[in-house]
Every structure is written in structure tokens, then in C-alpha cells.
Amino acid sequence: MLANKHIAIIGSGTMGRTIASGLLKSGRVKPKQIRATARTKASAEKVAAELSVTCTTANAEAAAGADLVILCVKPKDIAKAVESLGRGGRRPLVLSIAAGISTGFLESLFGDDTAVLRAMPNTPCLIGKGMTVLAKGSHATDAHIALATEIFAPLGRVLELEEKHMDTVTGLSASGPAFVYIIIEALADGGVMRGLPRSVATTLVAQMTLGAAEMVLTTGRHPAALKDDVTTPAGCTIAGILALEDGRIRSVLARGVETAARVAGELGK
Ligand SMILES: NC(=O)c1ccc[n+]([C@@H]2O[C@H](COP(=O)([O-])OP(=O)(O)OC[C@H]3O[C@@H](n4cnc5c(N)ncnc54)[C@H](OP(=O)(O)O)[C@@H]3O)[C@@H](O)[C@H]2O)c1
């Protein structure tokens with residue numbers, strides 16, 4: 001479906017570059033199909049050199065005649081970026097990854113009958129281990145979701161949900177990598193406290209985290225059942241778990257997600 005489609009990527013920071021490089025690596029899109037933009041000439045030149053795609057500061061030029069416009073600017077810059085795209089010609093499919101920006105708001109900027117999708121990816125998309133959630137606007141169809149899935153599938157897992165869940169998704173799987181990095185660092189601190197070199201402790205924790213996540217995904221078992229497999233009665237793991245529970249680890253983590261989701265919803269206001 002992506003063959004011969006012209007794709008404008010508006011905003012080529014961390015996520016815009018990740019999406020562009022994922023599309024190119026997948027081999028489904030050729031460099032000449034992508035026109036990217038950035039706010040500053042310096043960023044645009046850097047991206048053009050890095051990805052071998054056209055990247056300029058001219059949003060209207062990039063969007064002219066595009067089949068698909070992917071908005072990858074910060075939420076506060078969305079209105080200005082959309083305004084700079086200009087009008088005329090056929091209406092492209094609009095796909096926004098901006099946190100907290102509703103499809104309704106985008107429809108009001110582009111024109112009420114525009115097909116709009118929201119996507120919420122995360123930074124592990126950079127290494128093909130991302131999680132992207134898609135949601136339809138009122139004029140988007142299953143065919144549009146299929147096209148967006150083709151874009152994000154090379155970057156990791158893709159799931160479609162109703163738009164009402166997108167702020168929660170933002171606080172969970174988009175902010176989540178930052179939460180997990182803190183957990184990894186803190187667990188490694190425990191190993192360092194016990195005398196392990198930092199690099200060894202970090203490798204042990206990162207591989208353990210990868211393995212535990214794969215266990216959840218591949219076995220489909222409840223995390224509590226997997227935890228029970230590790231906890232021998234009167235053993236060291238249950239002793240460690242009780243220390244974590246004393247620190248209210250569950251409610252602290254759950255509240256972290258709840259808070260991030262609430263703030264995500266306020267970004268578009
Ligand atoms: N980072 C994440 O983990 C993550 C995850 C999921 C979703 N998101 C969403 O992705 C979006 C981008 O985040 P990011 O982390 O990639 O931000 P970023 O690294 O700051 O990149 C923003 C990009 O937008 C460009 N830009 C700003 N105003 C523009 C304009 N008017 N026209 C064209 N380009 C413009 C910037 O250009 P300059 O470099 O020249 O300033 C930069 O290339 C946000 O809406 C965020 O909510 C982020």
C-alpha cells in the first residue's frame with residue numbers, strides 16, 4: 001500500500017527521524033517518497049545528510065501533493081505547523097503523533113471531512129522494539145488504519161484502540177521507557193552497592209528486564225503467576241519483594257502512569 005505514496009514528515013526530531021528511518025529500513029518506502037521538514041535549517045540539513053531524504057524548512061512544499069502527512073512536532077507547535085502547510089490540491093491522510101492533540105482538533109484545523117489518525121509510538125521504535133497505538137478520527141477508515149499499521153509495524157508492535165484511551169497510552173507506553181530506565185538504574189545501584197562494577201550490574205539488569213518482558217509476552221501468563229515462580233517460600237526473592245512493598249512500589253508506579261496520562265491530556269489545551 002505504501003508503494004508510490006508520497007509521505008510528508010513535518011518535524012524531524014527524535015520521533016520524526018525514527019519513523020523516517022524505520023520506513024526506509026523496511027524497504028517499503030524509497031528515499032524519494034519522503035519529504036521531511038524541521039523548524040531550523042541546521043536540523044533540516046543534518047536530517048537530510050543522515051537519512052538521505054529531502055529535508056527542508058518548507059512545510060507547504062513538503063506537503064504539496066503528499067498522500068500522507070505525518071505530524072511529528074511538539075503539541076505546542078501543532079497549530080502553527082498545520083497553518084504553514086497551506087491548502088489546495090487533494091486532501092492527504094493526516095497522521096499525528098503529538099501527545100494530547102485530539103483528532104477533533106486536527107479535523108477543525110484541516111477541515112472537518114479530513115481523514116485523521118492519531119498514533120502514539122515510543123522511543124524503542126528506533127531499534128524495532130517499539131509499541132505504537134493507533135486511533136481513528138471520525139473520517140478515518142479501516143483502510144487508513146491498515147496503511148498506518150504498514151508504517152509502524154517495522155518499528156515494533158502495533159495496536160488499534162479507541163481515541164478515548166490515547167492519553168492513558170501516552171502515560172503508559174510512550175512515557176514508560178523513561179520509567180523503566182529509572183527502574184533499571186535503581187536495580188543496578190543495588191548491584192553496585194553489593195560490589196558489582198556499574199557496567200556489569202547494568203548489563204545484568206537490562207538483560208533480566210528483557211527476559212522478564214518476553215516471558216510476559218510469550219507465555220501470556222499473568223505477571224503475578226510468573227512472580228510466584230521466582231519466589232521460594234522463606235527465600236531471598238520474597239524477602240526482596242517485601243522490602244519493595246514497604247516502599248509502596250506498586251502504587252508509586254501506577255500513580256506515575258496515572259499522572260503522566262493526566263498531564264498528556266492537558267498538553268493539547
Ligand atoms: N519523544 C518521545 O518519546 C515521544 C513518544 C511518542 C510521541 N511523541 C510525540 O512526538 C512529537 C515529537 O516529539 P520529539 O520527541 O520527536 O520532539 P523533538 O525531538 O523536539 O522534535 C521536534 C521536531 O519538530 C521540528 N519543528 C518544530 N516546529 C516546527 C514547524 N513549525 N515546522 C516543522 N518542523 C518543526 C523541530 O525542528 P528543529 O529541530 O529545527 O527545532 C524538530 O525537528 C511530540 O508531539 C510528542 O508528543 C514523542
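Residues numbered from 1 in each chain as written. Predicted model: local features only at pLDDT ≥ 70, side-chain atom pairs only at ≥ 80, totals over all residues. Heavy atoms only, no water.

Asker: Please explain the overall build of the protein as it appears in this structure.
Answerer: Broken down by element type, the protein carries 12 helices and 8 strands. Overall size of the protein, expressed as C-alpha extent along the three principal axes, is 70 × 35 × 30 Å. Put simply, the protein has 269 residues, and 38% of those count as buried. Contacts in the protein between residues far apart in sequence, at least 24 positions, make up 62% of those at least 6 positions apart. (Helix = DSSP H or I, 4+ residues; strand = E, 2+ residues; numbered from the N terminus. Buried < 20%, exposed > 50% of the residue type's maximum accessible area, 1.4 Å probe, protein only. Contact = heavy atoms within 4.5 Å.)

Asker: Sorry if this is basic, but what is going on with helix H2 (residues 41-51) here?
Answerer: When H2 is considered as a whole, its buried residues turn out to be Ala44, Val47 and Leu51. The buried residues of H2 all sit within an arc of 65 degrees when viewed along its axis, so they share a single face. Exposed positions of H2 whose direction lies more than 90 degrees from the buried face are Lys41, Ala42, Lys46 and Ala49. Along its buried surface, H2 packs onto helix H1 (14-26) and strand E3 (54-56). Within two residues after H2, Ser52 carries a phi angle of roughly 55 degrees, on the positive side. (Arc of directions from axis to C-beta.)

Asker: Sorry, what's going on with the pattern of salt bridges here?
Answerer: Where charged atoms from two side chains of opposite charge approach closely, those side chains can pair. Going through the model one piece at a time under the given rule, you end up with 15 salt bridges. The residue Arg255 makes a salt bridge to Glu258 at a minimum N-O spacing of 2.8 Å. Of this pair, Arg255 and Glu258 both sit in helix H12 (residues 249-266), separated by 3 residues, roughly a single helical turn. Residue classification places Arg255 among the exposed residues on the basis of a relative accessible area of 53%. (Salt bridge = Lys/Arg side-chain N within 4 Å of Asp/Glu carboxyl O.)

Asker: Please explain the packing of helix H7 (residues 166-174) against H12 as it appears in this structure.
Answerer: When two helices pack together, you describe them by how their axes are tilted relative to each other and by the distance separating the axes. Their axes nearest at 7 Å, the elements H7 and H12 cross at an angle of 130 degrees. Judged by the inter-axis angle, H7 sits oblique to H12. Classified by chirality, the crossing of H12 by H7 is right-handed. For the pair H7 and H12, contact is made by Asp167, Thr168, Thr170, Gly171 and Leu172 and by Val257, Ala260, Ala261, Ala264 and Gly265, respectively. Partitioned by chemical class, the residues of the contact of H7 with H12 number 5 nonpolar, 4 polar and 1 charged. (Axes fitted to C-alpha atoms, helices over the stretch in contact; angles between N-to-C directions. Parallel < 35°, antiparallel > 145°, perpendicular 65-115°, else oblique. Left-handed = near helix turned anticlockwise from the far one by under 90°. Nonpolar A, V, L, I, M, F, W, Y, C, P; charged D, E, K, R; others polar.)

Asker: I'm lost on the side chain of Thr231 in this one. Help?
Answerer: Counting through the fold element by element, Thr231 comes out in the loop between helix H10 (223-230) and helix H11 (236-246). Here the side chain of Thr231 touches Asp228 through a polar contact of 3.1 Å, landing on its backbone oxygen. Beyond its immediate sequence surroundings of up to four residues, Thr231 is in contact with Thr237, Ile238 and Ile241. (Polar contact = N/O pair within 3.5 Å; in protein donor to acceptor, adjacent residues only side chain to side chain.)

Asker: I tried to follow unusual backbone geometry on my own but got confused; where do I start?
Answerer: Where the residue is not glycine, phi is negative for most of them; where a peptide bond is considered, it is trans in most cases. The phi dihedral of Ser52 falls on the positive side, at around 55 degrees, and the residue is not glycine. If you trace the backbone, Ser52 turns up in the loop between H2 and E3. A positive phi angle is found at Arg248, which is not glycine, with a value near 60 degrees. Relative to the assigned elements, Arg248 resides in the loop between H11 and H12. The exposure class assigned to Arg248 is exposed, which follows from its relative accessible area of 56%.

Asker: Help me out: how do you make sense of the nonpolar core in this one?
Answerer: Nonpolar side chains in soluble globular proteins tend to end up buried together. Of all hydrophobic cores here, the largest spans 34 residues; its most connected members are Ile19, Ile70, Leu95 and Phe152. If you list the elements that add at least two residues to this core, you get strand E1 (7-10), H1, strand E2 (34-37), H2, strand E4 (68-71), strand E5 (93-96), strand E6 (116-120) and helix H6 (142-152). Looking at this core, the element that brings in the most residues is H6, giving 5 residues. Those residues in contact with Phe152 that lie beyond four places of it in its chain are Ile19, Leu95, Ile97, Ala119, Pro121, Thr132, Leu134 and Val158. Ile10, Val69, Ile78 and Leu106 belong to the second-largest nonpolar core, a separate cluster that totals 18 residues. (Core = buried A, V, L, I, M, F, W, Y, C linked by side-chain atoms within 4.5 Å.)

Asker: Whenever I open this one, the site of the ligand confuses me. Can you help?
Answerer: With respect to spatial proximity, 24 residues lie near the ligand, and among them Met15, Thr40, Ser43, Asn59 and Val73 are the closest. Gly13 is positioned with one of its backbone polar atoms (N or O) 3.0 Å from an oxygen atom of the ligand. Contact distances for the ligand include 3.0 Å between an oxygen atom and a backbone N or O atom of Arg39. When the ligand is considered free in solution it has 920 Å² of accessible area, and contact with the protein chains removes 82% of it. (Near = heavy atom within 4 Å. Areas by Shrake-Rupley, 256 points an atom, 1.4 Å probe, with all protein chains shown as cover.)

By themselves, these figures tell us nothing about what the structure is for.
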